[in-house]
Amino acid sequence: QVQLVESGGGLVQPGGSLRLSCAASGSINGINAMAWYRQAPGKQRELVAAITNSGFAYYLDSVKGRFTISRDNAKNTVYLQMNSLKPEDTAVYYCNPDDGKGGQTIAPSAWGQGTQVTVSS
């Protein structure tokens, strides 16, 4: 099982930017769609963005135009560039394959520690 380690989170003011990275311990070439998810306190985990091996990307409506997902299969890394951040983007961000069900079928043991993003003035 490929281990995923997220990084790049932090505290940022509204309107600011962050770039998250997800480093895989093995090849992600065989994983068609890699995704970023987030979970805010008291809320369900939700898929934020995903990208296929062919480069097709799709996004949660609330982040369209502000977030950009990318992947570098040679480096086994997935990125999430987040611009124009809003307080409602505050959450722990995780990466994993897109299971088509908002991550609900992914085993608990397959989730990494995530990276905390806090948007606040």
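No experiment lies behind these values; they were computed from the predicted model shown.

A. View of unusual backbone geometry. Even without a glycine there, the phi angle at N76 is positive, about 50°. Of note, the phi angle at S84 is positive, near 50°, even though the residue is not glycine. Relative to the elements of secondary structure, S84 occurs in the loop between strand 8 (77–82) and strand 9 (91–97).

B. Highlighting the packing of aromatic side chains. Enumeration according to the criterion identifies three aromatic pairs in this entry. With 5.1 Å between their ring centres and 80° between their planes, Y37 and W111 make a pair best called edge-to-face. Placement of the pair is Y37 in strand 4 (residues 33–39) and W111 in the loop between strand 9 and strand 10 (115–119), with a sequence separation of 74 residues. Accessibility expressed as a relative area gives 0% for Y37, which makes it buried. Judged by centre distance (5.8 Å) and plane angle (35°), the rings of F56 and Y58 are tilted. Accessibility expressed as a relative area gives 53% for F56, which makes it exposed. Exposure remark for Y58: the relative accessible area of 28% places this residue in the partly exposed category. In this structure an aromatic cluster arises from ring pairing among Y37, Y94 and W111.

Thresholds, definitions, all that
Residues numbered from 1 in each chain as written. Predicted model: local features only at pLDDT ≥ 70, side-chain atom pairs only at ≥ 80, totals over all residues. Heavy atoms only, no water. Helix = DSSP H or I, 4+ residues; strand = E, 2+ residues; numbered from the N terminus. Phe/Tyr/Trp six-rings, centres within 6.5 Å; stacked < 30°, edge-to-face > 60°. Buried < 20%, exposed > 50% of the residue type's maximum accessible area, 1.4 Å probe, protein only.

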